[in-house]
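Close look at the chain arrangement
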Amino acid sequence: MDGRRKTYVAVVVIQAIYTGMFLLSKVAFDVGMNPFVFVFYRQAAAAVFLAPIAMFLERKTAPPISFLICFKIFMLSLCGVTLSLNIYGVALKYTSATLAAATTNSLPVTTFILAVLLRMETAKIRTGAGIAKVMGIVFCAGGALTIAFFKGPTVKLLMHHHLFSYHGQVQNTAASSHWIKGVFLLLLANALWATWLVMQNRVLKSYPSKLLCTTLQCFMSTIQSFVFAIALARDPSEWRLGWNVRLLSVAYCGIVVTGVTFYLQAWVVEKKGPVYMAMTTPLALIFTISSAAVLFGEILSLGSILGGILLVGGLYSVLWGKSEEQKTAASNNGDIEKAEYELKEESIVEKQSSTPNARIQHACTPA
């Protein structure tokens, strides 16, 4: 298998893993698992899984951790991991796995908005690329509002033979007033995750050991999530796992999602770049829609479908604008380097022509 096919397989596996995360999390919450307890167990499993790997691979190369870096990692885990995952868990109880996958497409757009506000990105609205970025933001906002406030006719992809019998709970939840609250909680969770993406770039410049930094975030998030869970889940029965879907979802999200996708995403970004990785995000939506139809017999509304299309359109619009700006910048840098090279060559020629030997040779040259 050549390198191109390997990257194709890798991105499909990554999005399939995220599909499993959406579905298993929804199943765990629908059978009564507390979202705050779920996040605590998930982060604990991730920390236990990653700690020995990080110590083995980066024990000798990791720089020392100062108090300032430790505080930055603590705040990074609080904002982008603990709060984001807890809000996401509550939102998923109110909505559906398909909607969670759909709103994930707003993540690159939200990240771009935050980067513009922090002056890490620019939006030149006088260029085609800048207009595409702005239109992408408009599409995403329109998609979110469409999902939240417009239902329309319903579409049931498979009428029979779904594997789980609690799909009626999903339907009732989708029809209730909690749906709008769930949509905006999902968007808030994505906004916090986007903040984590932007701020992590700055933290990694101070502490470049990526795997150890991720492990520390999981460890600190475990402590933070425990505080949330112990305060909001007082019933001891909510903490029991057992050999059931609760334990499966915790192990899957903590080990497979955090562990496996970390390496796969890093490998794909290294081979193809972050834009290529972001462009594959809609695959998770396609996988989730088809899987939810088979497993849950999930009912989709026209508003959810149209909103998902707008979100995906906004994603690709922003990514196209970003790609065009990178091409323009690369072309301009190439022109500048070429001009500097020519100027340098001319300077060398002028210096050579001004030397005494060059003047003598010029004087002796026949007319």
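Looking at an unreviewed UniProt entry, the protein carries the name WAT1-related protein, with the source organism given as Anisodus tanguticus. The record in UniProt for the protein states the following under Sequence similarities (unreviewed entry): "Belongs to the drug/metabolite transporter (DMT) superfamily. Plant drug/metabolite exporter (P-DME) (TC 2.A.7.4) family."

Notes on the overall build of the protein
Within the protein, the regular secondary structure consists of 14 helices and 2 strands. Considering only contacts in the protein between residues 6 or more positions apart, those separated by 24 or more positions represent 90%. A total accessible area of about 19,500 Å² is found for the protein, and carbon and sulfur atoms account for 68% of it.

Quick word on the packing of helix H2 (residues 35–58) against helix H9 (residues 210–232)
Running from N to C, H2 and H9 cross one another at 155°; their axes reach a closest spacing of 8 Å. Taken together, H2 and H9 sit at an angle that is classed as roughly antiparallel. Crossing of H2 against H9: the hand is left-handed. Residue classes in the contact of H2 with H9 are distributed as 19 nonpolar, 6 polar and 2 charged.

Structural notes on the nonpolar core
Formed by 71 residues in total, the largest nonpolar core has its most connected members in Phe-22, Met-33, Tyr-41 and Tyr-88. Ranked by the residues each element gives to this core, the list is headed by H2, at 11 residues. When neighbours within four sequence positions are excluded, Phe-22 is seen to be in contact with Tyr-88, Leu-92, Ala-97, Ala-100, Ala-101, Thr-104, Ala-284 and Thr-288. Counting residues in hydrophobic clusters, the runner-up holds 5 residues, among them Ala-10, Val-11, Ile-14 and Val-268.

As for the packing of aromatic side chains
Geometry of an aromatic ring pair is reported as the spacing of the ring centres plus the angle between the planes. Enumeration over the complete set of coordinates arrives at 7 aromatic pairs. On the numbers, 5.2 Å between centres and 80° between planes, the contact of Phe-29 with Phe-38 is edge-to-face. Just as Phe-29 is buried, Phe-38 falls in that class too. By the ring-pair criterion, three or more aromatic residues cluster together here, those being Phe-40, Tyr-41, Phe-226 and Trp-239.

The rules behind the values
Residues numbered from 1 in each chain as written. Predicted model: local features only at pLDDT ≥ 70, side-chain atom pairs only at ≥ 80, totals over all residues. Heavy atoms only, no water. UniProt positions renumbered as here; feature names shortened; annotations may be inferred. Helix = DSSP H or I, 4+ residues; strand = E, 2+ residues; numbered from the N terminus. Contact = heavy atoms within 4.5 Å. Areas by Shrake-Rupley, 256 points an atom, 1.4 Å probe, with all protein chains shown as cover. Axes fitted to C-alpha atoms, helices over the stretch in contact; angles between N-to-C directions. Parallel < 35°, antiparallel > 145°, perpendicular 65-115°, else oblique. Left-handed = near helix turned anticlockwise from the far one by under 90°. Nonpolar A, V, L, I, M, F, W, Y, C, P; charged D, E, K, R; others polar. Core = buried A, V, L, I, M, F, W, Y, C linked by side-chain atoms within 4.5 Å. Buried < 20%, exposed > 50% of the residue type's maximum accessible area, 1.4 Å probe, protein only. Phe/Tyr/Trp six-rings, centres within 6.5 Å; stacked < 30°, edge-to-face > 60°.

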